[in-house]
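Observations on the three-dimensional arrangement
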Amino acid sequence: MRVVIVGGTSGIGLAAAARLAAGGAEVVVAGRSEERLRSALKQLGDQARGEVVDARDTGAMRALFEGLGTVDHLIVTVTGRGGAGPLSSLTGDGLTEAVRNKLVPHLLTAQAALDVLNPEGSITFVTAASAGAALPGIATLAAVNGAIEAAVPGLAVELAPIRVNAVSPGVIDTDWWSEIGDEARAAFMEGAAESLPVRRVGRPEDVAATIEYVVRNAYTTGIVLTVDGGARLKA
């Protein structure tokens, strides 16, 4: 089983790569940073190989898949900075950048892989639970992630028998939060943990387990699975 993970050199993508490789899959990870790619391949060992590629570059993504041959499963974990903040401070450039950094690479990466995807395989998008959250300051994040999630049922029908699903994580302790600084990050994670029924924030491995489920379960398509520690249950 050959699995391509775009955005697989860190965080959730890397955790998914490690889990699938440990289960016997041949894993190809792709990301923009050569340094992160080297580090990821050192962790993953002989079951994995990788490519430096920017998922926002449609031509580069097409070239990647053309060079790989048949792919059984595609996982897209690409994310981007920006997008958080109140509507009053939103700019056209900021909104365009948020769309360009996530919605565009998710859908066009899937498109680029179509010619080489095994008809019995799958596409899994990794979105975010902000898509269904009612919190101030996340309207742009919700719009971008919600757009990907809204595409899943239609793509599952359009691309059948290829399966299409999404995994929607809540608060996961990854480097995505690094820009707010260590002290603010620690305080936020502590507060988030206290508010959740499971009393902790998520780890990349939690999401990786769900990704593996939708990849390996051949009777699952057209769904969005939320992995949020019960955050959706809170009033």
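Heads up: the structure comes first, above all this text.
Residues numbered from 1 in each chain as written. Predicted model: local features only at pLDDT ≥ 70, side-chain atom pairs only at ≥ 80, totals over all residues. Heavy atoms only, no water.

A separate point is the pattern of salt bridges. All told, the structure shown has nine salt bridges when counted by the stated rule. Measuring nitrogen to oxygen at the nearest pair gives 3.4 Å for the salt bridge that ties Glu34 to Arg38. Note that Glu34 and Arg38 are positioned in helix H2 (residues 34-44) at a spacing of four residues, about one turn of the helix. Since its relative accessible area comes to 51%, Arg38 is described here as exposed. A salt bridge links Asp206 to Arg200, with the nearest nitrogen and oxygen atoms 2.9 Å apart. For Arg200, a relative accessible area of 31% corresponds to the partly exposed category. Here the salt bridges share partners, and the residues they tie into one network are Arg2, Glu26 and Arg49. (Salt bridge = Lys/Arg side-chain N within 4 Å of Asp/Glu carboxyl O. Helix = DSSP H or I, 4+ residues; strand = E, 2+ residues; numbered from the N terminus. Buried < 20%, exposed > 50% of the residue type's maximum accessible area, 1.4 Å probe, protein only.)

Residues Leu87, Leu90 and Leu95 make up a contiguous nonpolar surface patch of roughly 280 Å² in combined accessible area. Take Leu87: it is sitting in the loop between strand E4 (71-76) and helix H4 (92-113). Under the relative-accessibility criterion, Leu87 is labelled exposed at 68%. (Patch = residues over 30% accessible without salt bridge, like charges linked within 9 Å, V, L, I, M, F, W, Y side chains within 5 Å. Areas by Shrake-Rupley, 256 points an atom, 1.4 Å probe, with all protein chains shown as cover.)

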